[in-house]
Amino acid sequence: MARKNDRKTYTDDTGKFAPGNPGRPKGSRHKATLAIEELLQGEAEGLTRKAVDLAMGGDTTALRLCLERIAPPRKDTPVEFELPPMETAQDAAQAAQAVLQAVSCGSLTPMEGASVMALVEGYRKTLETTELEQRISALEKAK
């Protein structure tokens with residue numbers, strides 16, 4: 001079945017965009033989104049007031065909506081546990097062992113442990129790079 005707008009879509013015979021067609025420009029928005037934004041233009045304060053009034057009146061959906069805006073769920077929480085200082089790349093192995101022990105004894109969740117381990121690994125790489133840079137500089141000065 002032939003498409004009515006075939007000449008305007010820049011597609012090949014299979015319906016895929018032809019080479020060189022950039023598609024929709026970045027940042028462009030859908031017509032429906034633009035229409036909704038136009039309808040809501042200048043209504044933010046009134047809509048917010050209405051949602052608050054409904055929430056105060058006992059509407060649980062409005063209440064949940066308002067609370068989610070006031071106090072959104074936390075995505076990250078601070079963790080406290082003993083982590084040995086890292087001054088060399090080798091110290092990172094001791095720090096990794098401390099993280100594993102904290103996870104195994106329940107002080108940290110596995111997700112928290114993975115996040116801390118990623119920080120330890122990043123710091124280890126930084127220390128290792130710094131040590132290598134110092135060694136190379138010392139070798140170059142010795143020449």
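Here we summarise the structure given alongside this text. (Residues numbered from 1 in each chain as written. Predicted model: local features only at pLDDT ≥ 70, side-chain atom pairs only at ≥ 80, totals over all residues. Heavy atoms only, no water.)

### A short note on the pattern of salt bridges
- Taken as a whole and judged by the stated rule, the model has six salt bridges.
- Residues Asp53 and Arg49 are paired through a salt bridge, measuring 3.4 Å at the closest nitrogen-oxygen approach. In this pair, Asp53 and Arg49 are both assigned in helix H3 (residues 44–56), four residues apart and thus about one turn of the helix distant.
- Residue Asp53 is classed as partly exposed on the basis of its relative accessible area of 41%.
- What makes Arg49 partly exposed here is its relative accessible area of 49%.
- Across the pair Arg69 and Glu68 runs a salt bridge, and its minimum N-O distance is 3.7 Å.
- The exposure class of Arg69 is exposed, given its relative accessible area of 61%.
- The exposure class of Glu68 is partly exposed, given its relative accessible area of 35%. (Salt bridge = Lys/Arg side-chain N within 4 Å of Asp/Glu carboxyl O. Helix = DSSP H or I, 4+ residues; strand = E, 2+ residues; numbered from the N terminus. Buried < 20%, exposed > 50% of the residue type's maximum accessible area, 1.4 Å probe, protein only.)

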